[in-house]
Every structure is written in C-alpha cells, then in structure tokens.
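# Summary of structural features
Each chain, letter by letter, is given below.
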Amino acid sequence: MTDSAVRARDLTLRYRTGFGHRDVDAVTGVSLDIAPGETLAMVGDAGSGKSTLARAIAGYTDRSVDRGVHVAGGALEVLGVDVRSLTRRHDDELALRVGYVPQDAGSVLDPHLTAGENVAMPLFQREPKLSKTIAGGIVAEALDAMHLTLATMPRYPHELSRGQRQRVAIARALVLDPELLVADEATAGIDATVRGTILDHLAEVQRSRRFAAFVVSSEIGEVRRLSQRLAVLHRGVIVGMGPIDDVLADSAHPYVRALAELAGARA
Ligand code: ADP
Ligand code: MG
C-alpha cells in the first residue's frame, strides 16, 4: 500500500493476440507516480502505447473486460488497489472511484439514451434505488461544470455537436466525484477554440474537486492548460518525465528534441 493515486513500477502491458500470432507488448518498463490531487500529462506519437496505459490505469485489464490488456511484468497500483488482482467484482469497486474518458468517448455514449441519461448511468449503477429527482440534480450540476446548459439534458448524442458530446462524456466521468480521472485525448477532433475552453473547464473542476488525473494528449500545447508535469512515451517506453520545461529542455532523446522544436515553433 502506498498513498499514491497511481504507482507503476517497471510495468509491462501486453495484448494477447491469439493462436499463431505474437503477443504485443504495448508498454514496457514504465515507472511513474501520480500523487493524490496531482496531474500527470502524457504525450507521444500514435501507437506509442498511451491508450493502453490509460486503459490499464482505469482498471480495464483482461480480467475485467474481454480481450483487454494485461500486466505482464512489474506492478501497477491504482488508489491502493493492485490492478493485477482485479476481478470483475473488484473492478466495479475501482470503477466507482476512477472516472475514465476513453479515446473517442463522445462516440461511445449510448445513442439510445439522452445526454442526461448517459451522465446519470454511473449514479444508478452505484445506487439503483436513487431517486430520479436527486439524480437529476447531480446530473445538472455535472453538465454545468462542463458549461453545458440544461437544454442539453433531453438531447440525444446525435443531436449534439462533437464538442458537446465530448463534454457530456467528461461530465459522465466526473459524476461520481472520482478520486482519479483518466482522460484519453478528451479533446481530439474538436476545433481549436472549443478545445481550449473544454480544457479550461476541466482544469477548473479539478481545482475545486482536487482529484488526481492522468491526461493523455497528442498535443504539447494542450498539456500546459492542465498540468505542470509531463511524461513522454515513445514506442512503449518513457523517454522523458518531469516539469514540462525541464523535459523539453533535456534534448538527450531525439524524439523529445523533435517535440521541443515543435512546441517552440508553436509558441
Ligand atoms: P496510442 O494510444 O499511443 O496511439 P495504443 O495504446 O492505442 O497507442 O497502441 C499501442 C500499441 O498496442 C500499438 O502497437 C497497437 O497496435 C497495439 N494495440 C492496441 N490495442 C490493441 C489490441 N486490442 N490488441 C493488440 N494490440 C493492440
Ligand atoms: Mg490512443
């Protein structure tokens, strides 16, 4: 037991790809810590293993979901729970404490439920007998935190813009007041101005509720709005970690150097 929100040591995450195929180690030898209330941002190329790590930290390993990833080496502890030990039952327990915004979260909202019902779902999973009035109040508050109006509540996902859907997905991840938020490219595919405000809303909620966060981003420019600490993943390995400017200033690794040049060019 530690008092870290997330603690990984020499972690290897592997996908079993089936008979006749080689297993894929998507993440190897990763060590990192996220303290309670702290944020760690992660950047890296497509295919570097960011979503795999996010999935494992959110507790979606192969014991809790079909064809999931599994801890093939090292250790991963989330909110004091050893992720290797998760069974479906325990996973439910962790699921109530970790808010997860998977990649393309807006597109995995239930299309047959309204935005309000989508956000309310975790509330009823936790407490099936919860009164609808109380749930409605909590949902309204969660939507408001993401600056969505009450008019959003009765709408179906297809009636919303991509940015609105994404904000509904974030509201759903936050509705149980999680101790940890895992957000995987929560603003990908949204135009730049809307993206900035969504990140600002998220930062605002975090300041008031003080949950720990693991935030995956494909853009270094986004990261600063949410975090002072950055980890860079390259082909499944962490090649830089620390305060953002320190990481970018340390040009030992060619990938980090390229990233720093890109960030400089954008600034
Ligand atoms: P990123 O989010 O950084 O783009 P991913 O974590 O999605 O990277 O993928 C990392 C690696 O793991 C890639 O090589 C990808 O092909 C592989 N991978 C991802 N999901 C699966 C899966 N379900 N089965 C097998 N391999 C996978
Ligand atoms: Mg990804």
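Here the structure is shown first, and the text comes after it.
About the thresholds
Residues numbered from 1 in each chain as written. Chains lettered and ligands numbered in written order. Predicted model: local features only at pLDDT ≥ 70, side-chain atom pairs only at ≥ 80, totals over all residues. Heavy atoms only, no water. Helix = DSSP H or I, 4+ residues; strand = E, 2+ residues; numbered from the N terminus. Expected span 1.5 Å × (residues − 1). Buried < 20%, exposed > 50% of the residue type's maximum accessible area, 1.4 Å probe, protein only. Contact = heavy atoms within 4.5 Å. Salt bridge = Lys/Arg side-chain N within 4 Å of Asp/Glu carboxyl O. Near = heavy atom within 4 Å. Polar contact = N/O pair within 3.5 Å; in protein donor to acceptor, adjacent residues only side chain to side chain. Areas by Shrake-Rupley, 256 points an atom, 1.4 Å probe, with all protein chains shown as cover. Pairing = 2+ DSSP bridges. Donors = N, O, S within 2.8 Å, 3.2 Å for Na, K, Ca; no water. Axes fitted to C-alpha atoms, helices over the stretch in contact; angles between N-to-C directions. Core = buried A, V, L, I, M, F, W, Y, C linked by side-chain atoms within 4.5 Å.

### Here we look at helix α6 (residues 192-209)
End to end, α6 covers 26 Å across 18 residues, agreeing with the expected 26 Å (1.5 Å per residue, within 8%). For α6, the set of buried residues is Arg195, Gly196, Ile198, Leu199, His201, Leu202, Ala203, Val205 and Gln206. Elements in contact with the buried residues of α6: β3 (39-43), α4 (132-145), α5 (162-174), β7 (180-184), β8 (212-216) and α7 (220-223). Arg210 occupies a position one or two residues after α6 and carries a positive phi of about 60 degrees.

### Some details on the pattern of salt bridges
One side chain can pair with another of opposite charge once the charged atoms of both are near each other. Per the stated rule, a full pass over the model turns up nine salt bridges. Put simply, Arg97 and Glu179 hold a salt bridge, and the shortest N to O gap is 2.7 Å. Residue Arg97 is located in the loop between α2 (88-95) and β6 (98-101), and its partner Glu179 is located in the loop between α5 and β7; the two are separated by 82 residues in the primary sequence. Assessed through its relative accessible area of 23%, Arg97 is described here as partly exposed. Judged by relative accessible area, which is 39%, Glu179 ranks as partly exposed. Note that Arg195 is salt-bridged to Glu219, the shortest N-O span being 2.8 Å. Of this pair, Arg195 sits in helix α6 while Glu219 sits in the loop between β8 and α7, and the two are 24 residues apart along the sequence. According to the relative accessible area criterion, Arg195 is buried, its value standing at 17%. Ionic contacts of the salt-bridge type, sharing partners, join the residues Arg195, Glu219 and Glu222 into one network.

### With respect to the site of ligand 1
Contacts to ligand 1 come from Tyr15, Thr17, Ala26, Asp45, Ala46, Gly47, Ser48, Gly49, Lys50, Ser51 and Thr52. Between ligand 1 and Lys50, the relevant distance is 2.8 Å, taken from an oxygen atom to a side-chain nitrogen or oxygen of the residue. Within the side chain of Ser51, an N or O atom sits 2.8 Å from an oxygen atom of ligand 1. Coverage of ligand 1 by the protein amounts to 65% of the 560 Å² it exposes when considered alone.

### Side note on the pairing of strand β10 (residues 237-243)
Examined bridge by bridge, strand β9 (residues 229-234) and β10 share six bridges and lie antiparallel to one another. In the strand pairing of β10, Leu233 is matched with Ile238. Here β9 hands over to β10 after two residues, with Arg235 in that stretch at a positive phi of 50 degrees.

### Let's talk about unusual backbone geometry
Within the chain, Asp10 stands out as a residue other than glycine whose phi angle is a positive 45 degrees. Assignment of secondary structure puts Asp10 in strand β1 (residues 6-15).

### Brief notes about the coordination of the magnesium ion (ligand 2)
Surrounding the magnesium ion (ligand 2) are the protein donor atoms Ser51 (OG) and Gln103 (OE1), at 2.0 to 2.2 Å. Of this pair, Ser51 sits in helix α1 (residues 50-57) while Gln103 is found in the loop between β6 and α3 (115-126), placing the two residues 52 residues apart along the sequence. Residue Gln103 is classed as partly exposed on the basis of its relative accessible area of 35%.

### A short note on the sheet that holds β7
On the basis of which strands lie adjacent, the open sheet formed by six strands has the order β6-β7-β8-β3-β9-β10 and mixed pairing. Looking at the sheet topology across the chains shown, the edges are occupied by β6 and β10. On average, each strand axis in the sheet is inclined to that of its neighbour by 15 degrees, with strand direction left out of account. Relative to β8, β3 runs parallel, the two being bridged by four bridges. The partner of Leu40 across the bridge, within β8, is Phe214. Its contacts with the sheet place α5 against β6 and β7, and it is angled at close to 165 degrees to β6.

### Looking at α3
Residues of α3 that are buried: Ala115, Gly116, Asn118, Val119, Ala120, Pro122 and Leu123. In this structure, the buried side of α3 is in contact with α4 and α5.

### Re the nonpolar core
One finds Val101, Val119, Met146, Val168, Ile170, Leu174 and Leu181 to be the most contacted residues of the largest nonpolar core, which totals 37 residues. Listed by contribution, the elements that provide at least two residues to this core are α3, α4, α5, β7, α6 and β8. Sequence-distant contacts of Leu181, defined by excluding residues within four places in its chain, comprise Gly99, Val101, Ala173, Leu174, Leu202, Phe211, Ala212, Ala213 and Phe214. Ranked by size, the runner-up nonpolar core spans 36 residues in total, among them Ile57, Leu79, Val83 and Ala231.

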